[in-house]
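Topology and contacts: notes
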2 protein chains.
Amino acid sequence: MSTIDQLRAALGDTDGNGTVVTDAATLDAARADRSGFVAAETALAVVFAASVYDVQTTLRFASQHAIPVVPRGAGTGLAGGAIGSAGSIVLDVSRMDRILEIDAENELAVVEPGVLNDALNAAVQPLGLWFAPDPASKAISSIGGNIATNAGGLLCAKYGVTREAVLGLAVVLADGRLIRTGHRTVKGVTGYDLTALFTGSEGTLGVIVEATVRLRPLPDGAPVTLGVFFADVATAAAGAASVTAARLRPAVMELIDPVALAFIRSHLGADAFIGTPLEGATGGATDAAAPAFLLVQFDGPAAGAEAQAALPVLAGCGGAAQLAADAAAGERLLAIRRAFHASVAAGGEVLIEDVSVPRSSMAEMFVAIAEIGRRHGLAIPTVAHAGDGNLHPNFIYTGDSVPDAVWQAADELFRAALALGGTLTGEHGVGLLKRRWLAEELGDDSYALQRDLKRVFDPQGILNPGKVFAD
Amino acid sequence: MSTIDQLRAALGDTDGNGTVVTDAATLDAARADRSGFVAAETALAVVFAASVYDVQTTLRFASQHAIPVVPRGAGTGLAGGAIGSAGSIVLDVSRMDRILEIDAENELAVVEPGVLNDALNAAVQPLGLWFAPDPASKAISSIGGNIATNAGGLLCAKYGVTREAVLGLAVVLADGRLIRTGHRTVKGVTGYDLTALFTGSEGTLGVIVEATVRLRPLPDGAPVTLGVFFADVATAAAGAASVTAARLRPAVMELIDPVALAFIRSHLGADAFIGTPLEGATGGATDAAAPAFLLVQFDGPAAGAEAQAALPVLAGCGGAAQLAADAAAGERLLAIRRAFHASVAAGGEVLIEDVSVPRSSMAEMFVAIAEIGRRHGLAIPTVAHAGDGNLHPNFIYTGDSVPDAVWQAADELFRAALALGGTLTGEHGVGLLKRRWLAEELGDDSYALQRDLKRVFDPQGILNPGKVFAD
C-alpha cells in the first residue's frame, strides 16, 4: 500500500475523493499563497481535515513516517508560510470552519481555525460585539491563519495585534497529542504563555485546531474621517507621526505615497475621486509629484472631537485636511485606499513587502524607499499603516518568480528598516520569503534559542520545515 | 577562597559591603516577600547588581559552580517567587533603577528592571503619557517584577495586563549571555514571541535587565466614579457582570464583599465613610449582613455618559447606585478599597489568594468562597477586580506559617475556580505557593512541555529552581 493509501486508511477516507486529495489542481493550488510566490516543487497530498481527529491522525501518521506537514488555512498568507514543500502533506484546516461558541457575557468566542474573520464578525455584530483583528484580507483570511502569523491590519495602533485577541488555543502537537493553552479569563498567569508562543509561530510548533478569542464592544457612534494632502511623502509621514504625538488615537491612519496614488488614479479613473479631497488633484500614472495622501479615521464616542483636534495638528505639518462630510464620504476615502492592491496587481505580479519602523522614523523610511527605487530603476508604490509605522512597499514584476533585481532592492529595504530600529516584517511573517534575513535581525544567540525551542515541540522537524528558519 | 569570596572577586567587589552581601539581616529579608510566607532556609548571599555586567558575571559564575540563582526585584511578590532558597545566590536587581530613555514620539520608555511603576509614571506624566500596568503595589513594585509575573491590577479589563505593555526585553540567560527580544515598533513578527514567553516566567528562564515598554496617552478628562450597594455579594457580582455585558467599559470595577467591608469599617472607623454612599450603612466587624459594595470608575472622554448609562443597568440588578459628586468624592471611594489590605493585616498575618474566573461565573465563585469559609469556620474577606473576574479571597492567621487548615480551604477555592473554567492565579503567579496545583490546571502534556521549555533556557536548572514547578 502506498504512503498515501495508508494515510487514507488511517483517516477512514474511503472514497479517495474527500479528505486526502492528490489531484494536480489541488496540489497546484497548494504551491502558492497570496504572496505571488509559487513553489517549484509539489506536495504529496493535501489533507482536508474536518475535525480535530483528522488533524491528530494526520500528524500521528506523519510522525511515524517522518513526513513533513505544512499546516494551511485559507491560503491568504503573504510570506509563503503555508506553501506545500516537496514531499510534504499539506494539512488544510479551512474546512474546520464552525463557530463553536459565542459567549456574549464574557465577550469571547470559541472558533475552529477555518472561520473567516468576517464570518465571525457577522455572527457577533448583532450582539454589539466585534473581533478586532483586521488584516486587509479579512474577508478571505481565516482566524487560524491570523493567529499563526500574529496578523496585523489597519487598526493595530488603537486595537492591538492578533495576539491581544487570543485568550487560549487548542493545538495538536507534532506527535498528534492535543494540548490546551491559556484561559477563558482576562487574566491568568499559570506557567509560561504558550498561547503567545504559538501565536505567530507560522505552523512550526503545532497545528491550531481551536481558538478562544476575545471580542470587544463595538465602538459607539459613527466614525469620522479626514483626507489630507501633503506635498511629499516624508511630510505626510511626519504629519501622521504628529497626530500620534498629539496623543490622538485614530482607529485608521493610512498613508498613500505619490507612486501608489498614481497607480490608484490610473486604475480607478478620475471619476472615482469626485467628491473626495482628491478630486482634481494632479498626478498621472508616472507622475512622481502626485500628492501624498493621508487618510485618518477616528471612531468611538470622541471621534468628532478627536478629528477636530487633528485638523490644526495636520495643518501645522503642512497638510491640507478636509473632513469627510458624512459616513458615505468617509467610505469613499477608504475605498481609494482599498483599491490600492488591485491597482498595482493590474500592472503585473506583485511582491508586497512589509517593513515596520518606529513611527518617528517613518519619514526617513519613505525617503529610503524612494532612493532605493530610483537607484534600481523600480517603481515602488508604498502604502503604510501610519499609526504603527508599518510600511508596505510593493514591487511589480512579470514572470513566474520574483526577479533577483527586486530581491536586491528588497534586501536594501530590509537593511534600511533594521538600521532605523525596525523589523523586516511587521505583520506578514517570515515564511519562505524572509527566512534568509531572520538571523540577521534576531542575532545569533536568539536565533539559536528559537531553533532549540522548535525542537522541544517538534523533535523530528516535521512541522513546516524550511519555513521561518533558513537552515 | 570561599565560593562567596570568589564571586566577590569576579564582581570586583573589593570592600565586601557593596555588591555581594551576606549579613544576617539582608539574608533574612530575602527569605520573604509580601505573600506572608517566610522560607525556613537561607540563601548563601544576596548580590545587589548595579549593571548588566554584574548580572552577567553572577550568572556566569553560578553556571560554572552550579549554584542556584533567585532573581529578585522589589520583593513585593505575593507567591514567593523571589524568595531565596537554601544555598542560592539571590540576584537582586532593585538597584538597577534608571530610566534609560523616554521616547515621547514613539510612546515608549526603556527602563532598567528596578524602576518602580510610580517612578516611571511620574517621569512620563508631564508628557501626557502613562504606563498602564497598575498592580495594587505600584508604589513599591518594580517593572522588572511586573514583567516577571505578568502582573495584573485594577485596570486590566480596559487596559490589558503587563504583557500588552512590553515591546521588548534584554535578558541575561543562565550562562551569562545577553539576548534582546521584541521590537521598538508596535508590530513585528520575526520569529517566536520570546518577549511574551519571558513575561510571566517568574525568573525561571532568564533575568530581565532592561525593558522597552509601551506608554499610552493619558485618558482625557476627569474620571467619574459610582458607588453601588447590593444586598449580597452574588447580586453585586451579577451587577458587575451586567455592566460589562451592557458593553460599558469601566477603567476600575472593584467589588468588596460584606466580610471585607466589615474589616474596612472596623479599621477606618465610621468617620472615614462620611460623605460616601457607605455613610450610615450597617455592618460591624463580624456582621455578615454588611452590604456588598461595588465601586465603578469610568475614564476617558465618554466617562460621564458611560456612568449615566451604567446607573439603570446597576439598578436593574438590584443595586443602589450613587454618583460621586466630584473627583474628590470619587477618591474617597477609592480610598475605602485601598484600605482593604491594611484592614485585614491589622488582624494578623494574611494570605492573599488570587483566583480568576470568567466574569459570568463570579457570583458562583463568591458563593463558593462563602460556603468554604462557613465550612472551615474561617472569615474569608474577599475583594475582586470585577471587570475581569479576578478575586482575592484573604485568609488571616497567626504564627510564622500558613496553617494547614487555611491551605485546605485554599485548595478548595482553587478547585472551585478551576471547575468554573477559571485559573488558580490571575495575576500573582505560581512561585512557591501554588506550584503544587500547577500540573492539575495545565494537564500533564502541557506541564511536561513547559518543563522541557525551561530546559532549553536553563539546562542546568540553576534559575529559580523550585519555583513554578513542584518537581
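Remember, predicted model here, so these are calculated numbers, not experimental data.

**Re the overall build of chain A**
- Tallying secondary structure elements over chain A gives 16 helices and 19 strands in all.
- In summary, chain A has a C-alpha radius of gyration of 23 Å against a globular reference of 23 Å for 471 residues, a match within 12%.
- Principal axes of the C-alpha set define a box for chain A whose edges measure 70 × 55 × 45 Å.
- Residue pairs at least 24 apart in sequence account for 71% of intrachain contacts in chain A once pairs closer than 6 positions are excluded.
- In the structure as shown, chain A presents an accessible area of about 15,800 Å², 53% of it carried by carbon and sulfur atoms.

**Side note on the UniProt feature "domain: FAD-binding PCMH-type" (unreviewed entry) in chain A**
- Residues given the UniProt feature "domain: FAD-binding PCMH-type" (unreviewed entry) here are residues 39-218 of chain A.
- Helix and strand shares over residues 39-218 of chain A are 21% and 25% respectively, and the end C-alpha atoms of the span are 41 Å apart.

**What to know about the domain arrangement of chain A**
Residue and element names in this part refer to chain A.
- Along its sequence, chain A is organised into domain 1 (3-92), domain 2 (99-217), domain 3 (224-419) and domain 4 (431-460).
- Between the C-alpha centres of domain 1 and domain 2 the distance comes to 23 Å.
- Counting residues at the interface gives twelve residues for domain 1, matched by 15 residues for domain 2.
- Between domain 1 and domain 2 lies a buried interface of about 1,100 Å² when both sides are counted; carbon and sulfur atoms form 66% of it.
- One can count three residue pairs in polar contact (both at pLDDT 80 or more) joining domain 1 with domain 2.
- In terms of residue count, helix H3 (residues 52-65) provides more of the side of domain 1 that touches domain 2 than any other element does, six residues in total.

**What to know about the environment of Val172(B)**
Residues and elements named next belong to chain B.
- In this fold, Val 172 is placed in strand E8 (residues 166-172).
- Residue class for Val 172 comes out buried when judged on its relative accessible area of 0%.
- Considered as a pair, Val 172 and Glu 210 are 38 residues apart in the sequence and their alpha carbons are 9.6 Å apart.
- Ignoring any residue separated from it by four or fewer positions in sequence, one finds Val 172 in contact with Val 52, Val 55, Gln 56, Leu 59, Arg 177, Leu 178, Gly 206, Val 207 and Val 209.

**Details of the pairing of strand E9 (residues 178-182) of chain B**
Residue and element names in this part refer to chain B.
- Here E8 pairs with E9 via five bridges, running antiparallel. The residue bridging Gly 168 from the neighbouring strand is Gly 182, located in E9.
- As consecutive antiparallel partners, E8 and E9 are separated by five residues, and within that stretch Gly 176 has a phi angle of approximately 95 degrees, a positive value.

**What about the interface of chain B and chain A?**
- With 80 residues of chain B in contact, the opposing surface of chain A contributes 80 residues.
- For the pair chain B and chain A, the summed buried area comes to about 6,400 Å², and 57% of that belongs to carbon and sulfur atoms.
- The tally of links from chain B across to chain A stands at 14 salt bridges.
- Across the salt bridge formed by Glu107(B) and Arg249(A), the nearest N and O atoms sit 2.8 Å from each other.
- At the junction of chain B with chain A, the criterion picks out 36 residue pairs in polar contact (both at pLDDT 80 or more).

**Looking at the relation of the copies chain B and chain A**
- Each copy of the sequence occupies a distinct position, and chain B is placed on chain A by a rotation of 180 degrees and an axial shift of 0.0 Å, giving an RMSD of 0.0 Å. The superposition operator between the copies reduces to a two-fold rotation axis.

**Section: the pairing of strand E19 (residues 390-397) of chain B**
Residue and element names in this part refer to chain B.
- Most of E19 sits out of view: seven of its eight residues are buried.
- As defined by bridge partners, strand E16 (residues 349-352) adjoins E19 across four bridges and the pair is classed as antiparallel. Within E19, the position partnered with Glu 349 by the bridge is Tyr 397.
- Here two bridges tie strand E17 (residues 355-356) to E19, and the two strands are oriented antiparallel to one another. What sits directly across from Val 355, in E19, is Leu 391.
- Pairing of strand E18 (residues 382-385) with E19, which is carried by four bridges, proceeds in the antiparallel orientation. The residue of E19 that forms the bridge with Ala 384 is Leu 391.
- Hairpin connection of E18 to E19: four residues between the antiparallel strands, including Gly 389 at a positive phi of 70 degrees.

**Here we look at the sheet that holds strand E8 (residues 166-172) of chain A**
Residue and element names in this part refer to chain A.
- With antiparallel pairing, the five strands of this open sheet are ordered in space as E5-E6-E10-E8-E9. Looking at strand neighbours, the two that pair on one side only are strand E5 (99-103) and strand E9 (178-182), the edges of this open sheet. On average, each strand axis in the sheet is tilted by 15 degrees relative to the strand beside it, whichever way the strands run.
- Both E8 and strand E10 (residues 207-214) contribute to a ladder of six bridges, which runs antiparallel. Paired with Gly 168 across the two strands is Thr 212, which belongs to E10.
- Strand contacts of helix H4 (residues 117-124): E5, strand E6 (108-111) and E10, with the helix running at about 40 degrees to E5, the strand carrying the most contacts.

**A few points about the packing of helix H8 (residues 233-245) of chain B against helix H13 (residues 362-376) of chain B**
All names here are of chain B.
- Relative to each other, H8 and H13 sit at 160 degrees, their axes nearing to 8 Å. By the angle between their axes, H8 is roughly antiparallel relative to H13. In the crossing of H8 with H13, the sense of the turn from one axis to the other is right-handed. Mapping the contact onto sequence places Val 233, Ala 234, Ala 237, Ala 238 and Ala 240 in H8 and Met 362, Ala 363, Phe 366 and Val 367 in H13.
- Broken down by class, the residue content of the contact of H8 with H13 amounts to nine nonpolar, no polar and no charged.

**Some details on unusual backbone geometry**
All names here are of chain A.
- Positive phi is not limited to glycine here, since Glu 107 has a value of about 55 degrees.
- On the secondary structure map, Glu 107 appears in the loop between E5 and E6.
- Here Glu 107 falls in the buried class, since its relative accessible area comes to 3%.
- If you check the backbone angles, Val 468 has positive phi at about 65 degrees while not being a glycine.
- With respect to the secondary-structure elements, Val 468 resides in the segment after helix H16 (444-457).

Cut-off values and rules
- Residues numbered from 1 in each chain as written.
- Chains lettered and ligands numbered in written order.
- Predicted model: local features only at pLDDT ≥ 70, side-chain atom pairs only at ≥ 80, totals over all residues.
- Heavy atoms only, no water.
- Helix = DSSP H or I, 4+ residues; strand = E, 2+ residues; numbered from the N terminus.
- Rg over C-alpha atoms; globule rule 2.2 N^0.38 Å.
- Contact = heavy atoms within 4.5 Å.
- Areas by Shrake-Rupley, 256 points an atom, 1.4 Å probe, with all protein chains shown as cover.
- UniProt positions renumbered as here; feature names shortened; annotations may be inferred.
- Domains from an automatic or database assignment.
- Buried area = accessible area lost by both parts, 1.4 Å probe.
- Polar contact = N/O pair within 3.5 Å; in protein donor to acceptor, adjacent residues only side chain to side chain.
- Buried < 20%, exposed > 50% of the residue type's maximum accessible area, 1.4 Å probe, protein only.
- Pairing = 2+ DSSP bridges.
- Salt bridge = Lys/Arg side-chain N within 4 Å of Asp/Glu carboxyl O.
- Least-squares fit on C-alpha atoms with pLDDT ≥ 70 in both.
- Axes fitted to C-alpha atoms, helices over the stretch in contact; angles between N-to-C directions.
- Parallel < 35°, antiparallel > 145°, perpendicular 65-115°, else oblique.
- Left-handed = near helix turned anticlockwise from the far one by under 90°.
- Nonpolar A, V, L, I, M, F, W, Y, C, P; charged D, E, K, R; others polar.

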